[in-house]
Amino acid sequence: MPLRSGLRPDCGAVLFASSIDGCAPLWENTSFLSDKTTPARDVSPAERRTTTGGPGPRAGGHMAQDDFRQALIRATGEDCVLSAEADRFCYSYDAAGQPPVLPELVICPDHAEQIGHILALCQAYDRPVTVRGAGTNLSGGTVPSARTGVVLSTQRLNRILEIDEADLLAVVEPGVITVDFAAEVAGRGLFYPPDPGSQAVSTLGGNVAENAGGLRGLKYGVTQDYLLGLEFYDIYGDLIKTGARTVKCVTGYNLGSLLCGSEGTLGVISRITLKLVPPPRASRALIALFDDVRKASEAVAGIIARHVIPCTLEYLDRATHALTDDYSPTGLPRDAEAILLIEVDGHPAQVEDDAAAVEEELRRAGGDIRVARDAAEKDRIWTARRNALPALARARPTTLLEDATVPRSKVPDMVEAIAKVAATHQVRIATFGHAGDGNLHPTFLYDRRDQAESARVAAAVDDIFRAALDLGGTLSGEHGIGTAKAAWLENETGRGHLLYSRRLRKGVDPKGLLNPDKLVGVRG
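A. The pattern of salt bridges, seen in detail. Per the stated rule, a full pass over the model turns up 32 salt bridges. We note a salt bridge from Glu-162 to Arg-245, for which the minimum N-O separation is 2.8 Å. Linking Glu-162 in strand E6 (residues 159-164) with Arg-245 in the loop between strand E9 (239-243) and helix H8 (255-259), this pair joins segments that are 83 residues apart in sequence. Judged by its relative accessible area of 29%, Glu-162 is partly exposed. Of the charged contacts in the structure, one is a salt bridge between Glu-360 and Arg-364, with a shortest N-O distance of 3.2 Å.

So, in structure tokens, the structure goes:
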């Protein structure tokens, strides 16, 4: 019997615990144990395109709205369609902190086949659709369209369908929680490395849609590096399969790579085939304290220059460590200007050699080195790092987390640039992130109700983006573009990339209904 990822509330942004207090009711998702919800009947693609839900009245008017809702209920079941305002509000925002947009309806399919029928109805009734996993998106990608539209939540599609230990792969539904999947795989003696900071909440479908990274990205790569195959539905409700269960596959266009990182703008994922790897045999964690931020960033560049690739190489400045230590105590001194958290793993002999090289570079840069005494201490330190964002979120009413990324050799310059931006615009920035791959997270702590402060923050964000691009970097290493960075996209990619992407998008979704305002947009 397929395994189910730990049940979660059918609720909106759940990155911070306070976000779910008093939110949508907790659904006892036990439909897979009974016959009370029957998958919609199979219909041909042609029938979906022309007759699903009757004629296609445009959005607007109570009659058209009720017809649309009733058609969805017939396709999925009444308990899959949420229309109460309190329920819909929970899906009106995500973790990016942008203004909420209340969707017309929220649809929570119980069976993957229902996705096709839902999308065909959205096409017929001209309704924009925003796909949502757990709402941990940090670029506004799961905030509903400003046009009258719906949210399609994949949280109930949370089955681990297969773990194949012989072929080192797994097949899952999109709503499986990342940490639940990693734990189940680990129980079979295997390893799934991608570990976004929100892994306790984020879903695998959302990880694919954003091409999520994580702390281990430096050595093990990001979600795309583990994607073997996908099944997804297009806006017409047609099922598309791509990839294979094999190590190599060059059959047809690589649609899996196209969908990975597409932020829900090209289709809705219903099934994912993921590569697994053997776990490392040994590991060692080190902590280095620095009295100068520049020294810490130079240590990062020095480690990479030695051709040592740690499993993780994380950076926290003094402000981040102080707030994180209040939230999840580490026992580390609070007077350090910067902290590096490093872990090397692999064969025991290789771990010894790599750890020695890392220690040498840390000392050369002036670091005060601590080695985790045991697994419990290592886990406590890494838990504190993963809690950085919720810890920072307690400091001020508004938290804006960016992820401008630069070449690894430019990390010292980017750290200096962030400090200059904070001083120039008189804003509070706490910085942490994946220093080993150049992916820093300058985090703005402010109050968006203060218009003057908000204006300074907006100007500071622009300057950080500009600095990253000037250093040969990118706007986003893992959070995506969404709406938060859309205005800057052409500055990095050029006009040709933007227009080509829009033509591609229009070819598969002529009405521009799939997450229409996100990434490259649908107009211009």
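B. Highlighting the nonpolar core. Grouped together as the largest cluster of nonpolar side chains are 54 residues, with contacts concentrated most on Phe-290, Leu-340, Leu-362, Met-414 and Phe-444. Elements supplying a minimum of two residues to this core: strand E11 (282-290), helix H9 (293-305), strand E12 (312-317), strand E13 (338-346), helix H11 (348-364), helix H14 (411-425), strand E17 (439-446) and helix H15 (451-470). Among residues more than four places away in sequence, those in contact with Met-414 are Ala-404, Val-406, Leu-440, Ile-464, Ala-467, Ala-468 and Leu-471.

C. Layout of the packing of aromatic side chains. Enumeration over the complete set of coordinates arrives at 6 aromatic pairs. Ring geometry for Phe-68 and Tyr-125: centres 5.3 Å apart, planes at 45°, overall tilted. On the criterion of sequence distance, the pair formed by Phe-68 in helix H2 (residues 62-76) and Tyr-125 in the loop between helix H4 (114-124) and strand E4 (129-132) is long-range, its members being 57 residues apart. The residues Phe-68 and Tyr-125 share a single accessibility class, namely buried. Taking 5.4 Å as the distance between ring centres and 90° as the angle between the ring planes, the aromatic pair formed by Phe-191 and Tyr-220 counts as edge-to-face. With Phe-191 in the loop between helix H5 (178-186) and helix H6 (204-210) and Tyr-220 in helix H7 (residues 217-220), the pair connects residues that are 29 residues apart, well separated along the chain. Across the pair, Tyr-220 and Phe-191 agree in class, each one buried.

D. Main features of H14. The terminal C-alpha atoms of H14 lie 21 Å apart, and with 15 residues this matches the ideal 21 Å at 1.5 Å per residue to within 8%. The set of residues buried in H14 consists of Val-411, Pro-412, Met-414, Val-415, Ala-417, Ile-418, Val-421, Ala-422 and His-425. Tucked inside the fold, the buried residues of H14 contact H9, E12, strand E16 (429-434), E17 and H15. Just downstream of H14, Gln-426 is the residue with a positive phi angle, here 55°.

About the cut-offs
- Residues numbered from 1 in each chain as written.
- Predicted model: local features only at pLDDT ≥ 70, side-chain atom pairs only at ≥ 80, totals over all residues.
- Heavy atoms only, no water.
- Salt bridge = Lys/Arg side-chain N within 4 Å of Asp/Glu carboxyl O.
- Helix = DSSP H or I, 4+ residues; strand = E, 2+ residues; numbered from the N terminus.
- Buried < 20%, exposed > 50% of the residue type's maximum accessible area, 1.4 Å probe, protein only.
- Core = buried A, V, L, I, M, F, W, Y, C linked by side-chain atoms within 4.5 Å.
- Contact = heavy atoms within 4.5 Å.
- Phe/Tyr/Trp six-rings, centres within 6.5 Å; stacked < 30°, edge-to-face > 60°.
- Expected span 1.5 Å × (residues − 1).

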